[in-house]
Amino acid sequence: MTTRRHALRATLALAAGLAVVGVPAASQAQDSAKPDYPKQVIKLVVPTPPGGMADLLGRVIAQKIQENTKATVIVENKTGAAGLIAADMVAKSPPDGYTIFLTYHATASILHLITAKMSYDPVKDFVPITYVAIAPNVLIINPDIPAKTVQELVAYGKANPGKLSFASQGKGTTGHLGGEMFKQATGIEMTHVPYRGAAPALQDVIGGQVSMMFDIVPLAREHVRSGKVRALAVTSPERVAALPDVPTTTEAGIPQVQGGAWWGLVAPAGTPKPIVDWLNAETRKAFESKEVRDRLTEQGLTFFLGSPEQLAEHQKKETERWGAVIEKAGIKPE
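Residues numbered from 1 in each chain as written. Predicted model: local features only at pLDDT ≥ 70, side-chain atom pairs only at ≥ 80, totals over all residues. Heavy atoms only, no water.

(A) Up close: empty space enclosed by the protein. Overall, the coordinates contain one cavity of 30 Å³ or more when judged by the stated rule. Along the walls of the largest cavity sit A87, F101, T103, T107, A108, Y120, P122, F126, V266 and Q315, which together make up its complete lining. Elements supplying a minimum of two residues to the lining of the largest cavity: β3 (99–104) and α4 (105–114). Class assignment for the residues of the lining of the largest cavity results in seven nonpolar, three polar and no charged. (1 Å grid on protein atoms, 1.4 Å probe; cavity = no way out; pocket = protein on both sides within 12 Å on 5 of 7 lines; lining within 4 Å. Points joined across faces, edges and corners; volume = space filled by probe spheres on them. Helix = DSSP H or I, 4+ residues; strand = E, 2+ residues; numbered from the N terminus. Nonpolar A, V, L, I, M, F, W, Y, C, P; charged D, E, K, R; others polar.)

(B) Just unusual backbone geometry, in detail. Cis peptide bonds are those with omega within 30 degrees of zero, and the linkage from Y37 to P38 qualifies with -5°. Here K70, not a glycine, exhibits a phi torsion of approximately 70°, which is positive. Topologically, K70 is positioned in the loop between α2 (53–69) and β2 (73–77). In this structure, L305 takes a positive phi of about 55° despite not being glycine.

(C) Summary view of the nonpolar core. One finds L57, L102, L153, F182, W263 and F287 to be the most contacted residues of the largest nonpolar core, which totals 69 residues. In terms of residue count, the dominant contributor to this core is α2 (eight residues). Ranked by size, the runner-up nonpolar core spans 19 residues in total, among them L202, V229, V234 and V246. (Core = buried A, V, L, I, M, F, W, Y, C linked by side-chain atoms within 4.5 Å. Buried < 20%, exposed > 50% of the residue type's maximum accessible area, 1.4 Å probe, protein only.)

Structural data, given as structure tokens:
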């Protein structure tokens with residue numbers, strides 16, 4: 001727990017220190033098609049508590065838009081039900097550009113597949129602005145397990161049926177679905193052990209009560225570096241700067257095991273295109289500072305910051321990916 005607290009303190013320190021990071025000269029020009037926007041406070045809703053990656057990204061966006069345009073942007077952390085409460089609130093907000101949402105993999109591509117009664121539609125009720133960033137998962141195991149590579153882990157699992165278990169942050173998380181995807185890709189049997197959050201799950205992997213888990217790189221990297229857990233692969237197409245010596249799942253022989261946490265900016269459906277375009281451009285500018293990008297990349301993030309259409313396509317592919325895993329695993333909506 002001490003290492004995780006240090007990581008969270010570092011994240012908060014980064015957020016607090018953003019004010020001193022060099023930024024481009026402030027742009028005074030407003031979108032010519034919508035010269036009266038923004039003329040009031042923009043509320044950026046984040047579906048997780050302060051101190052995490054989503055909160056940090058939201059505060060980077062808010063602060064940089066303020067610095068670059070003089071608009072007022074505030075971050076509202078609205079937690080509960082894995083983001084469903086925040087998503088529902090934004091979906092029902094006026095489509096005027098003054099309430100926007102930092103959606104993420106759960107609210108955009110997973111929860112509606114495992115939740116029987118949804119209060120919003122993740123596609124129809126929002127308009128995409130930009131795909132911000134992704135933090136890939138990393139497959140970590142307890143060091144006492146005699147495996148230094150993915151293939152050695154698979155061989156161990158097949159030689160010891162029923163012995164391996166995997167922790168997750170809870171049902172329907174990428175840790176849970178990543179474990180199910182791993183089972184489907186390798187054919188080994190593992191017992192799923194769900195927890196209420198990443199911290200207790202990781203502690204039990206460190207303690208040896210559970211064999212392994214998929215956790216996002218920013219939260220697992222210090223434990224990997226300290227040797228408390230062993231990293232076997234990252235679930236991304238390319239290696240990540242935070243763990244440069246850890247191979248990708250493709251390099252490890254399981255290219256179909258991909259995915260992780262990701263974040264995108266959206267607005268209520270019906271938000272005028274000039275406003276969406278303005279928010280897209282200003283959000284992309286928010287991450288132009290090399291120092292900001294380098295510091296966040298070092299923590300394990302990869303940035304995209306493309307068009308609204310690219311976010312929509314990414315969301316579609318993620319829904320299809322996790323939908324296939326959920327169906328094959330027999331996970332039923334509750």
